Amino acid sequence: MIQKVKVKLIDFLKKHVIFRSGIRKANSILKKIRFKIRGMGKKINSHTVIFFAFKGKSYSCSPKAIYEYMQKEEKYKDYQYIWAFKNPENYQFLTKNKNTIVIPYGGKTYEKYLAIAKYWISNYTIAGHIFPKKNQVYVQCWHGTPLKKLGYDLKNVRSAMNTSKETCYRYRIEAKKFNYILSPSHFASEKFITAWNLEQTHMTNKVIEEGYPRNDFLYNYTSEQIEEIKKNLNIPSDKKVILYAPTFRDNQHQSGMGYTYQTEVNFQLLQEKLQDQYIILFRAHYLVANSFDFEKYQGFIYNVSDYDDINELYVISDFLITDYSSVFFDYANLKRPILFYMYDLEEYKEELRGFYIDISELPGEIAQTEQELLKLIENTKDFVYNEKYQAFHEKYNYLDDGQATKRVVNKIFND
């Protein structure tokens, strides 16, 4: 009964922007008051750091890289580390690490530790009602070099849940909160500055342009790690691995569930043509809430949407297929083939998001039909890391060198 009421309310709010805005503001004010009350009288500990990735969904990305680096460094041996997860029972292994506590994401305990932690390390926006105190340090790691337009750069948003005005408001509030935002390149810095309106608000000094800590793994992994990951996923050693990682669509949203993804791929055809030589790792975007049934493709399609760290999927795959996800920027560090399956290119480009870069710059070929995609997959056997890939690397990934975490941590904790 409660779920039905919730669905009807969300359906109503999708259609009535004024009511939606009013309810959001009222809800935020009440939560903000509660957050302040919970933080009253709590002293900030200068050696406490709280981490969360993708709103507590996983142990991954730059927060993971920063945490693991600090764990190894003698100078941070006296720090206390807090990890917040939506399913904390799945991450109790972290408590075996020195000075590490695992807590539930959201709720009273979470807000208590936010009140006392000197440093907040996140790769995603935090709830609108949560604000750091003046002497706390909130590091916005973000989660990718942007291909799709963000924040203030979105002019005509066709989103199920946010107008352009609502999106700009969310980005404006977030920009006021963070002390730093991490950037992997000058290109990304420029886009973050416009997306968060940092120049107009005189906050461009918040950008740390030192590379993405999470991508250090792509330069430092070992063959033993690859074998272990494949073993854990039960991937056959005699097959090539395709990582298929599409993004979500802003206009595909189901009330009571969240963003959904409709797989516009004929997996039956791909299985008939490819199963002798390949397996596919299917990785849905972290915002996608619906589940996928690949039972009839067992042994050919492995659903790794819930696998925590996509970096581990990168290094075990022979090539990547995506559409508009930023994953290809990171994957390009491996100098392996990248294919783009953009069956809805014109709609996505003109109506949903729009791009920051011309698609002619993409480090790989584009397919708009399954027949074209099959042909491009066949061509990966003759892949050559050419001038186009190198030019892409020099523009977007030149700071990724396996040492970004060290530089970022020194900026945050020592400067």
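Analysis parameters
Residues numbered from 1 in each chain as written. Predicted model: local features only at pLDDT ≥ 70, side-chain atom pairs only at ≥ 80, totals over all residues. Heavy atoms only, no water. Pairing = 2+ DSSP bridges. Helix = DSSP H or I, 4+ residues; strand = E, 2+ residues; numbered from the N terminus. Axes fitted to C-alpha atoms, helices over the stretch in contact; angles between N-to-C directions. Contact = heavy atoms within 4.5 Å. 1 Å grid on protein atoms, 1.4 Å probe; cavity = no way out; pocket = protein on both sides within 12 Å on 5 of 7 lines; lining within 4 Å. Points joined across faces, edges and corners; volume = space filled by probe spheres on them. Nonpolar A, V, L, I, M, F, W, Y, C, P; charged D, E, K, R; others polar. Buried < 20%, exposed > 50% of the residue type's maximum accessible area, 1.4 Å probe, protein only. Polar contact = N/O pair within 3.5 Å; in protein donor to acceptor, adjacent residues only side chain to side chain. Arc of directions from axis to C-beta. Parallel < 35°, antiparallel > 145°, perpendicular 65-115°, else oblique. Left-handed = near helix turned anticlockwise from the far one by under 90°.

The strand order β3-β2-β1-β4-β5-β6-β7 describes an open sheet built from seven strands, whose pairing is parallel. The open sheet has two edge strands, β3 (100-104) and β7 (207-209), and neither has a second partner. Here the strands of the sheet are splayed against their neighbours by 25° on average, with no regard to which way each runs. In the sheet, strand β1 (residues 45-52) pairs with strand β2 (residues 80-85) via four bridges, with the strands oriented parallel. By the bridge assignment for β2, Thr48 is matched with Gln80. Of the strands in this sheet, β1, β2, β3 and β4 (117-122) touch helix α4 (residues 108-116), which is tilted by about 135° from β1.

Let us now look at the sheet that holds strand β14 (residues 338-341). Where strands meet in a sheet, backbone hydrogen bonds hold them as pairs that are either parallel or antiparallel. Pairing in this open sheet of six strands is parallel, and the strands run β12-β11-β8-β13-β14-β15 from one edge to the other. Strands with a single pairing partner mark the edges of an open sheet, and in this sheet they are β12 (301-303) and β15 (365-367). Strand-to-strand, the axes of this sheet are offset by a mean angle of 25°, without reference to chain direction. Of the pairings in the sheet, the one linking strand β13 (residues 319-322) to β14 comprises three bridges and is parallel in character. If you follow Leu320 over to β14, its bridge partner there is Ile338.

A word on the layout of surface pockets. Within this model, the second largest pocket holds a volume of roughly 790 Å³. Lining the second largest pocket are 28 residues, and of these Lys64, Glu68, Lys72, Phe217 and Gln225 sit closest to its centre. Only α3 (61-72), α7 (217-220), α8 (223-232), α10 (310-316) and α15 (404-414) provide two or more residues apiece to the lining of the second largest pocket. The element contributing the most residues to the lining of the second largest pocket is α3, with seven residues. Its residues placed into classes, the lining of the second largest pocket shows nine nonpolar, nine polar and 10 charged.

What follows deals with empty space enclosed by the protein. Applying the stated rule across the entire model yields one cavity of 30 Å³ or more. Of the voids in this model, the largest cavity is the one considered here, and its volume is about 60 Å³. Every residue lining the largest cavity is listed: Ile242, Tyr244, Val265, Phe267, Leu270, Leu274, Ile280, Ile321, Tyr341, Leu373 and Ile377. Counting residues per element, the ones that place at least two in the lining of the largest cavity are β8 (240-245), α9 (267-274) and α13 (370-379). The element best represented in the lining of the largest cavity is α9, accounting for three residues. The residue inventory of the lining of the largest cavity, partitioned by class, reads 11 nonpolar, no polar and no charged.

Right, let's talk about the side chain of Asp153 for a bit. One can find Asp153 in the loop between β5 (137-140) and α5 (164-177). By relative accessible area, Asp153 is classed as buried at 15%. At 2.7 Å, the side chain of Asp153 and the side chain of Thr194 are in polar contact. Polar side-chain contacts of Asp153 include one of 3.5 Å to the backbone nitrogen of Ala195. The residues touching Asp153, leaving out its near neighbours within four places in the chain, are Lys191, Thr194, Ala195 and Tyr356.

The next thing to look at is the pairing of β13. Neither face of β13 is left uncovered, since the one carrying Phe319 and Ile321 and the one carrying Leu320 and Thr322 both have all their residues buried. In this structure, β8 lies alongside β13, joined through four bridges in parallel fashion. In the strand pairing of β13, Ala245 is matched with Thr322.

Moving on to α15. An α-helix turns once per 3.6 residues; consequently, residues spaced three or four apart project the same way. Turning to α15, its buried residues number three or more, namely Ala404, Thr405, Val408, Val409, Ile412 and Phe413. In a view along the axis of α15, the buried residues occupy a sector of 125°, so they form one face of it. Among the structural elements, β1, α3, β4, β5, β6 (180-183) and β7 are those in contact with the buried residues of α15.

Direction vectors running N to C along α9 and α13 enclose 30°, while the axes themselves pass 11 Å from each other. Taken as axis vectors, α9 and α13 run roughly parallel relative to one another. Judged by the twist between their axes, the crossing of α9 over α13 is right-handed. Listed contacts from α13 to Leu269, Leu270, Lys273 and Leu274 of α9 are Glu370, Gln371, Leu374 and Ile377. The class makeup of the residues in the contact of α9 with α13 is five nonpolar, one polar and two charged.

Attention now goes to the packing of α3 against α15. Across the interface, α3 lies against α15 with an axial gap of 10 Å and an inter-helix angle of 80°. When the axis of α3 is compared with that of α15, the two are roughly perpendicular. Residues Ala65, Ile66, Tyr69 and Met70 of α3 pack against Thr405, Lys406, Val408, Val409 and Phe413 of α15. Classifying every residue of the contact of α3 with α15 by side-chain character gives seven nonpolar, one polar and one charged.

Note that Thr405 resides in helix α15. With a relative accessible area of 4%, Thr405 lands in the buried category. With 191 residues separating them along the chain, Thr405 and Arg214 place their C-alpha atoms 7.6 Å apart. A distance of 2.6 Å separates a polar atom in the side chain of Thr405 from a polar atom in the side chain of Asp216.

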